[in-house]
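Next come the chains, spelled out residue by residue.
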Amino acid sequence: MNQVHIVGRGAIGLLLANKLAQHTQVTLITRDDDFDDYHLIDNEKSHAIPVSQTTFDSLRSKITHCIVPVKAYQLSQALHALAPHLHDDANIILSHNGMSDVSEIIQSLKTNQALYFLTTSMGGMKPLANTVKYTGAGLTQIGACNQIAQARLPSLFQGLIQPCLSQAQPVDDINEIRWQKLCVNIAINPLSALLQCKNGKLRAPAYARQVLSLLNEACFVAGLDGVELKLSSELMRAYQVMKLTAENNSSMAQDIKIGRRTEIDAICGFIVSRANRHGVSVPENEWMWQQIKRKERA
Ligand code: KPL
């Protein structure tokens, strides 16, 4: 696998760029070329991430492998800009918190363009626009979203992901994995953003009722959507992530702190919209969604 493009310069994009650059030529596609270099801080030590950079306007050749780690609400704009530059056989890897509807994206692809989704619990935060701080290792999972991706997943995994990411695995059912990650984000992100606290603080009994109600509603809605999630397993997963990332500020806590739009629409907002579709109510997710929207507006 000799070249990978990554859209944007978000925390996850830069963490992946740093890992993939060990074996692959990595090019970031950014809106402007403000920065000459990108850095990663790990354990107080900083090094340059060996990547090159381009903009959509300056792209000259077709892209064969592209990672799109942009927020759910930026996805359709990013894919629109990307589409004319994609090779007819391109592999496209999405990665973001929350849920997005991939069926529309799949319909817009050419017959041989493969779509994957990657989720990771690697931790990163950006102290500066061109710098990511590595805040913890975590599992990365990748799965296919369309049939052509299903067929190519083993070779993509062996050629691109496995050599660079030690804690990574290909998965058969990425939809179920996305729901599991959604539950983790529902339990941690909005509460930590409202309280402006580190993830570990949410393990306190004071927040147990809210975490339980949020996840109970999410598991119920998942069931209505045909995805069987056990409340006990999702609670265990969420509390384990709170423990593993105890010293981290969630991405939503950081977004609220610096006045940036959050991913709440694709997290609690997604549960509310699916619940509405099924004619059931999810008051805890609805409340959380509205609280974060209010904070965003403020
Ligand atoms: O995905 C995360 C995020 O911050 O967005 C978690 C898993 C909650 C880690 O902080």
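Looking at an unreviewed UniProt entry, one finds the protein named 2-dehydropantoate 2-reductase, with Pseudoalteromonas luteoviolacea NCIMB 1942 as its source organism. The record in UniProt for the protein states the following under Catalytic activity (unreviewed entry): "(R)-pantoate + NADP(+) = 2-dehydropantoate + NADPH + H(+)". UniProt lists a comment for the protein under the heading Sequence similarities (unreviewed entry), and it reads "Belongs to the ketopantoate reductase family."

Chemist: I'd like to hear about the pattern of salt bridges, residue by residue, with values.
Modeler: Working definition: two side chains of opposite charge can pair if their charged atoms are close together. Scanning the model with the defined rule gives eleven salt bridges in all. We note a salt bridge from Glu234 to Arg237, for which the minimum N-O separation is 3.1 Å. Of this pair, Glu234 and Arg237 both sit in helix H7 (residues 231-244), three residues apart, which is roughly one turn of the helix. Relative accessible area serves as the criterion here: at 2%, Glu234 is assigned to the buried category. Accessibility expressed as a relative area gives 27% for Arg237, which makes it partly exposed. For the salt bridge of Arg260 with Asp255, the shortest nitrogen-to-oxygen distance reads 2.6 Å. Note on Arg260: relative accessible area 39%, which makes it partly exposed. Exposure remark for Asp255: the relative accessible area of 0% places this residue in the buried category. Shared partners join several salt bridges into a network, and the residues in it are Arg261, Asp265, Lys293 and Glu296.

Chemist: How would you summarise the sheet that holds strand E2 (residues 25-29) if you had to cite specific residues and measurements?
Modeler: Ordered by their spatial adjacency, eight strands build an open sheet running E5-E2-E1-E6-E7-E8-E11-E12, and the pairing between neighbours is mixed. Looking along the sheet, the strands with just one partner apiece sit at the ends: strand E5 (52-54) and strand E12 (168-171). Along the sheet, successive strands turn relative to each other by an average axial angle of 25°, direction set aside. For strand E1 (residues 3-7) and strand E6 (residues 63-68), the ladder comprises two bridges, and the chain directions are parallel. Directly across from Ile6, in E6, lies its bridge partner Ile67. Contacting E1, E6, strand E7 (86-94), strand E8 (114-120), strand E11 (140-144) and E12, helix H4 (residues 147-161) runs over the sheet at an angle of about 55° to E8.

Chemist: Quick rundown of the UniProt feature "domain: Ketopantoate reductase C-terminal" (unreviewed entry) in the protein? Include the residues and the values.
Modeler: If you check UniProt for "domain: Ketopantoate reductase C-terminal" (unreviewed entry), the listed places come out as residues 173-296 in our numbering. A helix fraction of 69% and a strand fraction of 0% characterise residues 173-296, whose end C-alpha atoms lie 34 Å from each other.

Chemist: Summarise the environment of Asn146; cite the residues concerned and give the values.
Modeler: The residue Asn146 is located in the loop between E11 and H4 in this model. Classification of Asn146 as buried rests on a relative accessible area of 11%. Sequence separation of Asn146 and Ser213 is 67 residues, and the distance between their C-alpha atoms is 33 Å. Of the polar contacts made by the side chain of Asn146, one reaches the backbone nitrogen of Ala149; its length is 3.1 Å.

Chemist: An account of the sheet that holds strand E10 (residues 131-136) is needed here, citing residue identities and associated values.
Modeler: A sheet is described by the order of its strands in space; here four strands give the open sequence E4-E3-E10-E9, paired in mixed fashion. Edge strands, defined here as strands with exactly one partner in the open sheet, are strand E4 (45-48) and strand E9 (123-128). Neighbour to neighbour, the strand axes of the sheet diverge by 30° on average, direction disregarded. Pairing of strand E3 (residues 39-42) with E4 involves four bridges; the strand directions are antiparallel.

Chemist: I'd like to hear about helix H10 (residues 283-297), residue by residue, with values.
Modeler: Over its 15 residues, H10 runs 21 Å from end to end, which matches the ideal 21 Å to within 8%, given 1.5 Å per residue. Where the residues of H10 are buried, they touch helix H5 (174-195), helix H6 (208-224), helix H8 (251-257) and helix H9 (268-278).

Chemist: Before we move on, could you go through the side chain of Thr131 and cite the residues and values that matter?
Modeler: Relative to the helices and strands, Thr131 resides in strand E10. Within polar-contact distance, the side chain of Thr131 engages the side chain of Asn130 at 3.2 Å. Setting aside chain neighbours within four positions, we find Thr131 in contact with Leu14, His39, Ile41, Met125 and Lys126.

Chemist: Just give me the short version of the UniProt feature "domain: Ketopantoate reductase N-terminal" (unreviewed entry) in the protein, but keep the residues and values in it.
Modeler: The feature "domain: Ketopantoate reductase N-terminal" (unreviewed entry), as given by UniProt, occupies residues 4-146 in the numbering adopted here. Note that residues 4-146 is 17% helix and 41% strand, and that its end C-alpha atoms are spaced 20 Å apart.

Chemist: Could you give me a rundown of a negative patch on the surface, with the residues and numbers involved?
Modeler: Taken together, the side chains of Asp33, Asp34, Asp36 and Asp37 present a region of like negative charge at the surface. Tracing the backbone through its elements, the reader meets Asp37 in the loop between E2 and E3. A residue is classified by how much of its surface remains accessible, and Asp37, at 38% relative accessible area, is partly exposed.

Chemist: Tell me about the packing of aromatic side chains, and name the residues and values.
Modeler: Following the criterion strictly, the structure yields one aromatic pair and no others. One cation-aromatic arrangement involves Arg261 over Tyr73; the distance from NZ or CZ to the ring centre is 4.1 Å.

Rules used in this analysis
- Residues numbered from 1 in each chain as written.
- Predicted model: local features only at pLDDT ≥ 70, side-chain atom pairs only at ≥ 80, totals over all residues.
- Heavy atoms only, no water.
- UniProt positions renumbered as here; feature names shortened; annotations may be inferred.
- Salt bridge = Lys/Arg side-chain N within 4 Å of Asp/Glu carboxyl O.
- Helix = DSSP H or I, 4+ residues; strand = E, 2+ residues; numbered from the N terminus.
- Buried < 20%, exposed > 50% of the residue type's maximum accessible area, 1.4 Å probe, protein only.
- Pairing = 2+ DSSP bridges.
- Axes fitted to C-alpha atoms, helices over the stretch in contact; angles between N-to-C directions.
- Contact = heavy atoms within 4.5 Å.
- Polar contact = N/O pair within 3.5 Å; in protein donor to acceptor, adjacent residues only side chain to side chain.
- Expected span 1.5 Å × (residues − 1).
- Patch = residues over 30% accessible without salt bridge, like charges linked within 9 Å, V, L, I, M, F, W, Y side chains within 5 Å.
- Areas by Shrake-Rupley, 256 points an atom, 1.4 Å probe, with all protein chains shown as cover.
- Lys, Arg positive; Asp, Glu negative; His and termini not counted.
- Charge placed at Lys NZ, Arg CZ, Asp CG, Glu CD.
- Phe/Tyr/Trp six-rings, centres within 6.5 Å; stacked < 30°, edge-to-face > 60°.
- Lys NZ or Arg CZ within 6 Å of the ring centre and 35° of its normal.

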